[in-house]
Amino acid sequence: MFRISHTYLALVAALFVSFMAITGSILSLEPVISWSQASSTNGLNGSVAELANSVSGKFSDPQKLIRKASGAFLVYYYGDAGLTADHVDPLSGSSLGIYSPSDVFGFVTELHRSFFIGDTGRLITGITASIMVFLSLTGLALLAKRLGGWRRLLRQPQGPAQQTSHIKIGRLSILLLVVTALSGVWMSLVNFDVLSDGSTGYVPFPEFVHGGEPTAIDGLVALQGINLGDLRELVFPVAGDVTDVFSITTASGSGYVDQVTGTMLSFIPNSTWQKIYQAVYTLHTGQGYWWYAILLGVGALGTLFLVYSGMRVWWQRTRLPIPKLANNISDSKADVIILVASQSNTTWGFAATLHKALVKNGHRVSTAPMNNLQRVYPQARHLFILAATSGDGGAPDNADKFLTKLEMLNVSPGMQFAVLGFGDRSFPKYCGFAGDVDAALQARGLRRLHNLFEIDRSSASQFAEWGDDVGTSMNALLALDHTPIHPKTAGYVLIDRHDYGHKHETPKVILRFKLPNILNGRQRFEAGDLIGIVSSRNSAPRFYSLASGYADGFLEICVSKHPGGVCSGLLHELKPGDRIEGFIRENPQFRPHANMKPVVMIGAGTGIAPFAGFLRGNTRKRPMYLYWGGRDPANDFLYEKNLSEWHADNRLTGGKIAFSRIAQKQYVQDKLLEDAAFIRTAIADGAQVMVCGGVAMARDVRTVINDICRPMGINHEMLKQDGRFLEDVY
Amino acid sequence: MKKLITILLLSTALLLPRAAIARDVIITAELKSYRGPGAYLAVYLTKPDGRYDSTLWIAGEKQKYYGHLRGWVRAVSRSGESVDGLTGASVGSGRTLNITANLSDAMIDAGYQIHVDTAVEDGGEHTNDAVVSLSKDNKGMTVGGRGFIRSLSVSM
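All values derive from a computational prediction rather than experimental measurement. (Residues numbered from 1 in each chain as written. Chains lettered and ligands numbered in written order. Predicted model: local features only at pLDDT ≥ 70, side-chain atom pairs only at ≥ 80, totals over all residues. Heavy atoms only, no water.)

### Thoughts on the overall build of chain B
Part 1 of the argument: In terms of helices and strands, chain B carries two helices and nine strands.
Part 2 of the argument: Starting at the N terminus and walking to the C terminus, you meet the elements of chain B as α-β-β-β-α-β-β-β-β-β-β.
Part 3 of the argument: Here chain B holds 156 residues, and 44% of them are scored as buried.
Part 4 of the argument: Surface summary for chain B: the accessible area is close to 7300 Å², and the carbon and sulfur share equals 51%. (Helix = DSSP H or I, 4+ residues; strand = E, 2+ residues; numbered from the N terminus. Buried < 20%, exposed > 50% of the residue type's maximum accessible area, 1.4 Å probe, protein only. Areas by Shrake-Rupley, 256 points an atom, 1.4 Å probe, with all protein chains shown as cover.)

So this is what it looks like as C-alpha cells:
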C-alpha cells in the first residue's frame, strides 16, 4: 500500500520536486555568499544609538538602517540619484559601497516560491512540499519494512544497486528533507492564512509624541539599550518633521522611539506565532547560518538524486512484463486455481509456465493474484500458491489481504493445496510469507498435495524438480520447462583458457573473455557479480561468478564441468575466438563493504572465482585473507600462480589452503579451525566473512564459524544481520 | 466601494445640507521599472488642514508589510479605520494602478490631497512617494514620484 502510493505520487510529482530541489540548491548558496561578504561582526557590542548617530552624520537624509540575517548592515538614504542603499561598516558607520540586491537570487527565489504566477504558483509549491513530506514518511516506513523493523533502520541494505543507493541517499538526507519540506508546507499554510505568522499588521503610530527640538541620536535612551546584533530595522523620522518618531524592529519586537525624549513608545513584543514563524523561516532558508545553508544545499541535491534513483528503481521493476496467460478461465469453472503473490513480476513468469503445463494436461486453470481469493471455488480440486516474499518476510502488495480473506474461504473436502515459495536466501526472512500461507492453509483444514517448497533466486531447475514431484502426485506429467524472461544478451569472445584437473572426473577451466564493445551492449560489472550464460534459446541461463571487474578490461569465470551439464559442457568446449551469449546480473549482496576492515574469504573449488576478482582489484592493500579448499595441488590448484603474485605484492594478506585428495587429507574447515584464534581477532576487528561454494561446504563452514565464534558469544546469524557474513552458494 | 461611499456621504452630509453631488475620480499611478517583486502602495486622502481623511486603496495583500507604508500608518493609526474591502494585488515593476473613487464635489478644489506611499521587498520604502492635489485644475495633470512612482495623475 505504502509502496504503491510512494511510487506513483513520486512519479506524478517528480518534475515539480526536481524543480524545487534545483532552485532550492541554488538559493542555499545565498546565505553562504552573504556570509562571506559581510564584514566580521564578531564581538560586535555597539548600540543602535551609536551607529544610527554616525550614519546620520555621514549620509544625507538617511531613511533607514537595516541589519540583514547575514550580519551585514545597510543604510537607505536620499542621495543625488534618489533613494540609494549602501553597505555600512557597523563600527564606524562609513559606507562600504553600494548595495544592490542580487538579480539571480531574486529571480530564483520568485521561481522557487511561485513560478512567477502568484498564488497559483504558491499553491503548487505548497502541494509539492506536502508531497515531499509524504514521500519522506512513506519512504521511511518502507525502509523500516524492508530492513525488518524500525530498530534496524541503519542496517546495510541488500538488493540491486539502484535500490540500495536510493536507500542510502534517502537515509542520509531524510532529516533535511523532512525539515525543508515541512517548513515549506508551514510557510505555504501561512501564505494562505491557514496558519498564522503572528503578525497583526502594523504597530499603531503612538498617539502622543513629545515634539520640539530633537535630541542627538546617540543620546536616545531606548536606542542606547539595543545591541547592534539585535537590530532588524530602524526607520529615521522624516527630516524636519518634529512630530515624527523612529520606528524600530528588533529580534524581540517592534515599536517607536520618541526623537526628543528617547523613550520607547508602544512597543509590541513578538508573539509566540511570530517566533515560530521566524524559526520555520530560518530552518527553510538557512538565512544567517551559512553552515546550515550548505547542509540544505546538500539535502536539495540529495532530493534530486532520490528522484532519479527512485525512477530507476521503478523502471527496473516495471520492465519485466507480465506474461500472457492463454486459456485463463473463470475461477467458478476451473478445477485448478493458481494464486500468485509477486513482488517484481518474476513469479508471474513461473505461474505462466505452470499454467501452460496444466492446460496442456487437460486441466481447466484459473490464475489470479492472491488478493483475488474467492469464498467459493465450486469445481476446484487443486489450489497452487506461488508466493514471493517482501523484504521483511511479509506479503507482497498483491497478496496483503490474502490471509484475512482466507478466513472466509469455504473449504471443500476435495480441494488439495501446494505452496511454492520464491525468495533469495541472502535475505533474513527467506520465503517467510510462503511459510505463513502454507501454515494458514493447513490450519484452515485443506488437504496437502505437496509440502512447502522453496525456490532460491528463481532457480528454474528447482522449479522443474517441484513440477516432477507435484505431477507425480496428480498423476500427470508436468514438464515445467521454465524460461525466465532475461535481459538482452551481448556476445563475449574467448581470449584465453587455463585448464585444470584433467586426471579427475570433474575438469575445471578458467575462461577469459573480451568485453563486447560499447555499441554491442557492453555493461559494467564488479567482481562477484554474475554472468548469465544462455546456451540455447529456450534454456534458462546458468549463472557464474565473475573473477574480474570491469576495470580489469576482461571478463573471467571459473567453470567446473558437470557430468551431463549442457552449459558447462559447452563452456569447456570453447576455443579462443569462440563466442558465447551472456548478460550481467548484479550481485550487490556479495561484495566487500567499502571500508578498510579485514575480509576473510572462504571457498572451495570454483568458489574461488569472486575472491580471485576481489584480490586482483585490491590495489588499496586492504587486509584480505583467503581460506580455500581444492582436491589435489597437482591438478586443480586454481589461480596458483596469481595467488603467490598477489601475496607477494600484499594484495593477499594471508590465509590457508587445503587439499582433500592427498595423503594429508584436509578440508577448508580444518584450516579455519587451525586459525580459530586469528579469525576471532579478525571478527572482533570488524572483519567481513564471505563464503562461496557448494551447499554442503557452506553448511559445514557455517558450523565451523559458529564453533569458532562461540567464545565471543556470537554466531553467523548475528554477523549476517550486520552484513558481515555473506554467502554465495550454488 | 459601497462602504467608502457611505462613509464619504456621512462625513460630508453636515457640510452640505442639500443633496450631495458626487463624481467618479480616476487616480492613475504608473510605476518605474525596478528590480524586485510587486510593490505595495497606499493611496489615501488628507484634509485641507493636512489631517488624514480616508484610505482609497491599498495595493498588496499581506498585512504584515503594511508597516512599511509609514506615512499611511501614521495617518490612519488614530482613525482606527479598517481597510477591509479596500485592498488588492501588489503592483509589479513598470505596471499601472488605476483606482476609481466616488468623491463628493465639495472635496474638489477644497485643499484635499491624494498621497501615495510605496514599499518594495529588499528595495526600500517611500513615504509620500507622490502627492497630488484633488483639483479640477489638475485634471489630466501628472506629477512625478520620488521613489517607485513614475507618474501620478487624477482625472475626473
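### Focus: the overall build of chain A
Part 1 of the argument: Broken down by element type, chain A carries 20 helices and 24 strands.
Part 2 of the argument: Long-range pairs, those at least 24 residues apart, make up 70% of the contacts in chain A with a sequence separation of at least 6.
Part 3 of the argument: Counting every atom, chain A has about 33900 Å² of accessible surface; 57% of that belongs to carbon and sulfur. (Contact = heavy atoms within 4.5 Å.)

### Concerning the interface of chain B and chain A
Part 1 of the argument: Counting residues at the interface gives 22 residues for chain B and 33 residues for chain A.
Part 2 of the argument: Around 2300 Å² of area is buried between chain B and chain A when both sides are counted, 44% of it from carbon and sulfur atoms.
Part 3 of the argument: Inspection of the region where chain B meets chain A yields eight salt bridges.
Part 4 of the argument: As a salt-bridge pair, Asp122(B) and Lys68(A) come within 3.3 Å of each other at their nearest N and O atoms. (Buried area = accessible area lost by both parts, 1.4 Å probe. Salt bridge = Lys/Arg side-chain N within 4 Å of Asp/Glu carboxyl O.)

### Details of helix H15 (residues 609-616) of chain A
Part 1 of the argument: For H15(A), the tally of buried residues reaches eight of eight residues, placing the bulk of the element in the interior.
Part 2 of the argument: What H15(A) keeps buried is the set Ala609(A), Pro610(A), Phe611(A), Ala612(A), Gly613(A), Phe614(A), Leu615(A) and Arg616(A).

### So, the packing of helix H4 (residues 103-114) of chain A against helix H5 (residues 118-147) of chain A
Residues and elements named next belong to chain A.
Part 1 of the argument: With their axes 6 Å apart at the nearest point, H4 and H5 run at an angle of 70° to one another. When the interaxial angle is binned, H4 and H5 end up roughly perpendicular. On H5, the residues that touch Glu110, His112, Arg113 and Ser114 of H4 are Gly118, Gly121, Arg122 and Thr125. (Axes fitted to C-alpha atoms, helices over the stretch in contact; angles between N-to-C directions. Parallel < 35°, antiparallel > 145°, perpendicular 65-115°, else oblique.)

### Side note on helix H2 (residues 70-77) of chain B
Part 1 of the argument: Judged by how many residues are buried, H2(B) sits mostly within the fold: six of eight residues are covered.
Part 2 of the argument: What H2(B) keeps buried is the set Arg70(B), Gly71(B), Trp72(B), Val73(B), Val76(B) and Ser77(B).

### A look at the sheet that holds strand S22 (residues 654-659) of chain A
Residue and element names in this part refer to chain A.
Part 1 of the argument: Read from one edge to the other, the open sheet built from five strands follows the order S22-S21-S20-S23-S24, with strand pairing classed as parallel. Single-partner strands in this sheet number two, and they are S22 and strand S24 (725-729). Going from strand to strand, the sheet's axes swing by 10° on average, the running direction of each strand aside.
Part 2 of the argument: Pairing geometry for strand S20 (residues 599-604) and strand S21 (residues 624-630), over six bridges, is parallel. Across the sheet, the residue bridging to Ile602 is Tyr627, located in S21.
Part 3 of the argument: Sheet strands touched by helix H19 (residues 695-709): S20, strand S23 (688-693) and S24. Its angle to S23, the strand with the most contacts, is close to 155°. (Pairing = 2+ DSSP bridges.)

### Observations regarding the side chain of Asp675(A)
Part 1 of the argument: Residue position: Asp675(A) is located in the loop between helix H17 (668-674) and helix H18 (676-684).
Part 2 of the argument: Non-local contacts of Asp675(A), meaning those with residues more than four positions away in its chain, are made with Tyr627(A) and Lys656(A).

### Things to note about the nonpolar core
Part 1 of the argument: With 30 residues, the main nonpolar core has Leu41(B), Leu45(B), Leu103(B), Ile114(B), Leu134(B) and Leu152(B) as its most contacted residues.
Part 2 of the argument: Listed by contribution, the elements that provide at least two residues to this core are strand S1 (22-31), strand S2 (40-46), strand S3 (52-59), strand S5 (96-104), strand S6 (113-120), strand S7 (124-133) and strand S9 (149-155) of chain B.
Part 3 of the argument: Not counting residues up to four positions away in its chain, the partners in contact with Leu45(B) are Tyr52(B), Asp53(B), Ser54(B), Leu56(B), Leu103(B), Met107(B), Tyr112(B), Gln113(B), Ile114(B) and Leu134(B).
Part 4 of the argument: Within the second largest apolar cluster, 28 residues are counted, among which are Ala368(A), Ala380(A), Tyr430(A) and Cys431(A). (Core = buried A, V, L, I, M, F, W, Y, C linked by side-chain atoms within 4.5 Å.)

### Overview of the environment of Phe236(A)
Part 1 of the argument: By secondary structure assignment, the location of Phe236(A) is in the loop between strand S5 (231-235) and strand S6 (245-250).
Part 2 of the argument: Remark: the alpha-carbon pair of Phe236(A) and Leu65(A), spanning 171 residues in sequence, is separated by 8.0 Å.

### Regarding the pairing of strand S18 (residues 554-560) of chain A
Residues and elements named next belong to chain A.
Part 1 of the argument: With seven of its seven residues buried, S18 lies for the most part within the structure.
Part 2 of the argument: By the alternation rule, side chains of S18 split into Phe554, Glu556, Cys558 and Ser560 and Leu555, Ile557 and Val559, which are all buried.
Part 3 of the argument: Two elements, strand S15 (residues 508-514) and S18, share seven bridges in a ladder whose sense is antiparallel. Within S18, the residue paired with Ile510 across the bridge is Cys558.

### Observations concerning the confidence of the model for chain A
Part 1 of the argument: Mean pLDDT for chain A: 88, with 94% of residues reaching 70 or above.
Part 2 of the argument: Across chain A, the secondary-structure element scoring lowest on mean pLDDT is S24(A), at 86, and the one scoring highest is H15(A), at 96. (pLDDT = per-residue confidence, 0-100.)

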